[in-house]
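# Structural characterization, general
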Amino acid sequence: MTEVATARRSRITPEREAELYGAVLDLLREVGYDALTMDAVAARTRSSKATLYRQWGGKAELVAKAVRHDKPGHSADDVDTGSLRGDLHALTLRADDCEMEQNSALMRGLAMAIHSNPDLLRAFKDHLIEPEMAEFRRVLQRAIDRGEVRADNPAIDYVMHMMIGGFAARAMIDEQPPTQAFLLSYIDAVVLPALGAPAG
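Now for a quick tour of the structure.

About the criteria used
- Residues numbered from 1 in each chain as written.
- Predicted model: local features only at pLDDT ≥ 70, side-chain atom pairs only at ≥ 80, totals over all residues.
- Heavy atoms only, no water.
- Salt bridge = Lys/Arg side-chain N within 4 Å of Asp/Glu carboxyl O.
- Helix = DSSP H or I, 4+ residues; strand = E, 2+ residues; numbered from the N terminus.
- Buried < 20%, exposed > 50% of the residue type's maximum accessible area, 1.4 Å probe, protein only.
- Expected span 1.5 Å × (residues − 1).
- Contact = heavy atoms within 4.5 Å.
- Polar contact = N/O pair within 3.5 Å; in protein donor to acceptor, adjacent residues only side chain to side chain.
- Phe/Tyr/Trp six-rings, centres within 6.5 Å; stacked < 30°, edge-to-face > 60°.
- Axes fitted to C-alpha atoms, helices over the stretch in contact; angles between N-to-C directions.
- Parallel < 35°, antiparallel > 145°, perpendicular 65-115°, else oblique.
- Left-handed = near helix turned anticlockwise from the far one by under 90°.
- Nonpolar A, V, L, I, M, F, W, Y, C, P; charged D, E, K, R; others polar.
- Patch = residues over 30% accessible without salt bridge, like charges linked within 9 Å, V, L, I, M, F, W, Y side chains within 5 Å.
- Areas by Shrake-Rupley, 256 points an atom, 1.4 Å probe, with all protein chains shown as cover.
- Lys, Arg positive; Asp, Glu negative; His and termini not counted.
- Charge placed at Lys NZ, Arg CZ, Asp CG, Glu CD.
- Core = buried A, V, L, I, M, F, W, Y, C linked by side-chain atoms within 4.5 Å.

Let us look at the pattern of salt bridges. With the rule as written, the count across this model stands at 17 salt bridges. One salt bridge connects arginine 85 with aspartate 188, and the closest N-O pair in it is separated by 2.8 Å. A residue pair is termed long-range when its members are at least 10 positions apart, and arginine 85 in helix α6 (residues 84-92) and aspartate 188 in helix α10 (residues 180-195) qualify at 103 residues. By relative accessible area, which is 19% here, aspartate 188 ends up buried. A salt bridge links aspartate 174 to arginine 170, with the nearest nitrogen and oxygen atoms 2.9 Å apart.

Below, the discussion takes up helix α7 (residues 97-116). In an α-helix, one full turn covers 3.6 residues, which means residues spaced three or four apart are oriented alike. With 20 residues, α7 ought to run about 28 Å at 1.5 Å a step, and its terminal C-alpha atoms sit 30 Å apart, in line with that. All of the buried residues along α7 are Met100, Asn103, Ser104, Leu106, Leu110, Ala113 and Ile114. On the buried face of α7, the contacting elements are α2 (14-31), α5 (59-70), α6, α8 (118-146), α9 (159-174) and α10. Structurally, the start of α7 carries an N-cap: the backbone nitrogen of cysteine 98 is 3.1 Å from a side-chain oxygen of aspartate 96.

Another point: the packing of aromatic side chains. Taken as a whole and assessed by the stated rule, the structure comprises two aromatic pairs. Pairing tyrosine 21 with tryptophan 56 gives two aromatic rings, centres 5.7 Å apart and planes at 65 degrees, and the pair type is edge-to-face. Linking tyrosine 21 in helix α2 with tryptophan 56 in helix α4 (residues 49-56), this pair joins segments that are 35 residues apart in sequence. Assessed through its relative accessible area of 4%, tryptophan 56 is described here as buried. Measuring from ring centre to ring centre gives 6.1 Å for phenylalanine 182 and tyrosine 186, while their planes differ by 20 degrees; the resulting arrangement is stacked.

Let us look at the packing of α5 against α8. One way to put it is that α5 packs onto α8 with a least axis distance of 8 Å and a crossing angle of 25 degrees. With respect to their mutual orientation, α5 and α8 come out roughly parallel. In this structure, the crossing between α5 and α8 has a hand that is right-handed. Packed against α5, whose contacting residues are Ala60, Glu61, Val63, Ala64, Lys65, Val67 and Arg68, the element α8 presents Asp119, Leu120, Ala123, Phe124, His127, Leu128, Pro131 and Glu132 at the interface. Per-class residue counts for the contact of α5 with α8 are nine nonpolar, one polar and five charged.

Between α9 and α10, whose axes approach to 11 Å, the crossing angle comes to 140 degrees. In terms of orientation, α9 and α10 fall into the oblique class. For α9 against α10, the interelement crossing comes out right-handed. Each of Val159, Met162, Met163, Gly166, Phe167, Arg170 and Asp174 in α9 lies in contact with α10, whose residues at this interface are Phe182, Leu183, Tyr186, Ile187, Val190, Val191, Ala194 and Leu195.

Quick look at a negative patch on the surface now. A surface patch of like charges, here negative, comprises Asp70, Asp96, Asp97, Glu99 and Glu101. Mapped onto the secondary structure, aspartate 70 falls in helix α5.

Turning our attention to the nonpolar core. Formed by 28 residues in total, the largest nonpolar core has its most connected members in Leu28, Val63, Leu110, Leu120 and Phe124. Looking at this core, the elements that each hand over two or more residues are α2, α3 (38-45), α4, α5, α7 and α8. For valine 63, the contacting residues outside a window of four places in its chain are Val24, Leu28, Tyr33, Leu110, Leu120 and Phe124. Counting 22 residues, the second largest nonpolar core, distinct from the first, contains Leu84, Val139, Val149 and Ala197.

Attention now goes to the environment of phenylalanine 124. Structurally, phenylalanine 124 can be placed in helix α8. A C-alpha to C-alpha distance of 8.3 Å links phenylalanine 124 and lysine 65, two positions 59 residues apart in sequence. Residues contacting phenylalanine 124, with those up to four places away along its chain left out, are Val63, Ala64, Val67, Met107, Leu110, Ile114 and Ile129.

See the structure below:
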């Protein structure tokens with residue numbers, strides 16, 4: 001990327017970027033991914049469409065970054081309680097029940113769109129899935145280094161699947177949104193035993 005392009009892309013302040021992301025998420029909840037347009041985002045945020053395309057390239061990138069921005073802060077590097085159970089609980093507690101319910105509804109809607117939009121899938125992998133997987137890998141590596149989990153445990157490769165599964169299945173099976181209490185008990189009953197890690 002040229003210096004000029006970099007300068008153009010970095011003109012938006014962090015406050016303005018956060019405002020734009022909030023508006024994108026509001027629109028997503030109102031109309032869904034397929035009906036969301038860059039024109040609507042521009043109108044809602046009093047931006048020019050050219051600015052939006054210059055900064056984010058397109059709708060898929062903008063939506064993925066908005067969802068990533070809305071996730072609770074702090075990386076796994078900031079969470080080190082001394083045990084795998086403590087770390088997984090701390091990561092779960094970053095979002096309260098209200099945020100989890102909103103995220104669950106949003107992700108259900110986006111899951112359908114991802115199946116028919118390769119650009120959205122790629123953007124989600126780049127900005128959400130890969131960073132989340134890297135975060136869990138760091139948490140698990142610390143547990144391996146502490147001797148809590150064996151490095152050859154086959155469940156290590158499926159921790160992200162287990163966590164997403166528990167989050168998504170809560171609504172489908174129980175017809176309730178995921179909550180902190182549900183996810184903490186799920187970690188203790190399912191994830192930690194699969195990893196052979198202490199659950200108490």
